[in-house]
Amino acid sequence: MRRALTGVVLAAGFGGALGLCISLALAQSPPSEHKSGFEFISPESQATQQDDFSNPGMLWVAEGEALWSAQAGASGRSCAGCHGDAAVSMKGVAARYPVYFAESGQPIDLQSRINVCRKVNQKAAPFPLESRELLALSAFIGKQSRGMPITTGEDKRLEPFRARGQELYEQRQGQLNFSCANCHDDNWGKRLASSVIPQSHPTGYPLYRLEWQSMGSLQRRLRNCMVGVRAEPYPYGSQEYVELELFLMTRAKGMPLETPAVRP
Amino acid sequence: MAAALTLLAIIPGQVWAQALRPYEIVGDAIPQSLTGARGDPTRGRAIVVDRQKGLCLLCHTGPFPEQRFQGNLAPDLAGVGTRWSDGQLRLKIVDSRRLNPATIMPPYYTLDGLARVGRNWQDKPVLSAEQVEDVVAFLTTLTETP
């Protein structure tokens, strides 16, 4: 535990400075060699992620495991009541999200899919987006696919949404006029003030970010960059975020899922 | 007067736009000061190192030994005053896209061609005309060899 805390504190000291510099966000070419954000963080943060007893994200995983088995809503059902052992039923699931959701005719991300299940099958109120409970369940489900290759985007019906996500990624925005690709494709590996700019592979969400001192979703991370370039962020749950996630996850195909990852 | 106020009320976005000073681009430069006066290099240095105002050191490194964590996405500012004239520096700051449409240098003194600008930043340039002149005045003093 002492070792765990030291790791977190060291990483937090380093990460705090990184956190000051919100990533700014034109697109030429995608990275030819995919590198996870894991390769851009300090050895201390890497060790924290890799040790389940140090990784603060595991607290959310544990809470998610409890929620998985807890009865909820008018149905009195738990997730486990229908899906059984998550280690079996949820294995590989998070590695293929966002998926095409026939009921809406649109892609859906894991958090919103959990909420559909709550509403329709458990007859329970959906969890607010970015709530502790929803992050916990997403982290628990995500962890069942840890180490598995990302397979998102195989459904052909996703293609127009993926293409829209790519447009959003390459579109300049905000008072400072940056696209995501300006930094994360064209300048990854360089320093934005103290922060080394990573490539943009969302391999570990939800993840624990030292800057946040909390778990957060990819949507929260995308909002950070939008605020950094002085753009108006989309509201949580917006279709734009799902399309961006779909584009990024499809591009990250084959990379191993790291949930719950640790980042500065 | 009443008509003018009404006009402002209908199109508040135009208030700042009207406040932006007109300037003339000659070749690769804006030869004339945006304010008609020379800026203050001391104030200019403060703007350059301020990570909320000038934002310069997020991307540029420069001769600022007291400043930690300088970026390396853009050219070193050391010697920038020998490489470029004040008019060239002014255009680079005002709207570098006029020189290179693919640049990642933010356009500091224009409201044109921007998408999805955040509510707090709408209809405002990144820097005022006075601030641009202060920064130009400071950068021209950077005559060291990088």
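What you are looking at is a predicted structure, and each value in this text was computed from that prediction instead of being measured.

Points about the overall build of chain B
Right, so step 1: Each helix and strand counted, chain B has seven helices and zero strands in total.
Right, so step 2: Starting at the N terminus and walking to the C terminus, you meet the elements of chain B as α-α-α-α-α-α-α.
Right, so step 3: For chain B, the proportion of its 146 residues judged to be buried stands at 41%.
Right, so step 4: By sequence separation, contacts in chain B at least 24 residues apart represent 52% of the contacts at least 6 residues apart.

With respect to the confidence of the model for chain A
Right, so step 1: Confidence in the prediction for chain A averages 90 pLDDT; 88% of positions are at 70 or higher.
Right, so step 2: In the predicted structure, residues 1–29 of chain A sits below a pLDDT of 50 and forms 63 contacts with residues beyond four places in sequence or in another chain.

A few points about the packing of aromatic side chains
Right, so step 1: Scanning the entire structure with this criterion turns up six aromatic pairs over all chains.
Right, so step 2: The interplanar angle of 55° and the centroid separation of 5.8 Å between the aromatic rings of A:Trp68 and A:Phe140 together place this pair among those described as tilted. Taken together, the residues span a long stretch of sequence, with A:Trp68 in helix 3 (residues 57–69) and A:Phe140 in helix 7 (residues 132–143) at a distance of 72 residues.
Right, so step 3: Accessibility expressed as a relative area gives 5% for A:Trp68, which makes it buried.
Right, so step 4: Of the residues examined, A:Phe140 reaches a relative accessible area of 7% and is grouped as buried.
Right, so step 5: Residue placement shows A:Arg230 over the ring face of B:Trp121; its charged tip is 3.8 Å from the ring centre.

Some remarks on empty space enclosed by the protein
Residues and elements named next belong to chain A.
Right, so step 1: Taken as a whole, the largest cavity spans an internal volume of roughly 260 Å³.
Right, so step 2: Lining the largest cavity are 17 residues, with Leu110, Tyr205, Pro206, Leu218 and Glu245 sitting closest to its centre.
Right, so step 3: Tallied by class, residues from the lining of the largest cavity come to nine nonpolar, six polar and two charged.
Right, so step 4: A domain split of the lining of the largest cavity shows at least three residues from each of domain 1 (21–49 + 154–263) and domain 2 (57–143).

The rules behind these values
Residues numbered from 1 in each chain as written. Chains lettered and ligands numbered in written order. Predicted model: local features only at pLDDT ≥ 70, side-chain atom pairs only at ≥ 80, totals over all residues. Heavy atoms only, no water. Helix = DSSP H or I, 4+ residues; strand = E, 2+ residues; numbered from the N terminus. Buried < 20%, exposed > 50% of the residue type's maximum accessible area, 1.4 Å probe, protein only. Contact = heavy atoms within 4.5 Å. pLDDT = per-residue confidence, 0-100. Phe/Tyr/Trp six-rings, centres within 6.5 Å; stacked < 30°, edge-to-face > 60°. Lys NZ or Arg CZ within 6 Å of the ring centre and 35° of its normal. 1 Å grid on protein atoms, 1.4 Å probe; cavity = no way out; pocket = protein on both sides within 12 Å on 5 of 7 lines; lining within 4 Å. Points joined across faces, edges and corners; volume = space filled by probe spheres on them. Nonpolar A, V, L, I, M, F, W, Y, C, P; charged D, E, K, R; others polar. Domains from an automatic or database assignment.

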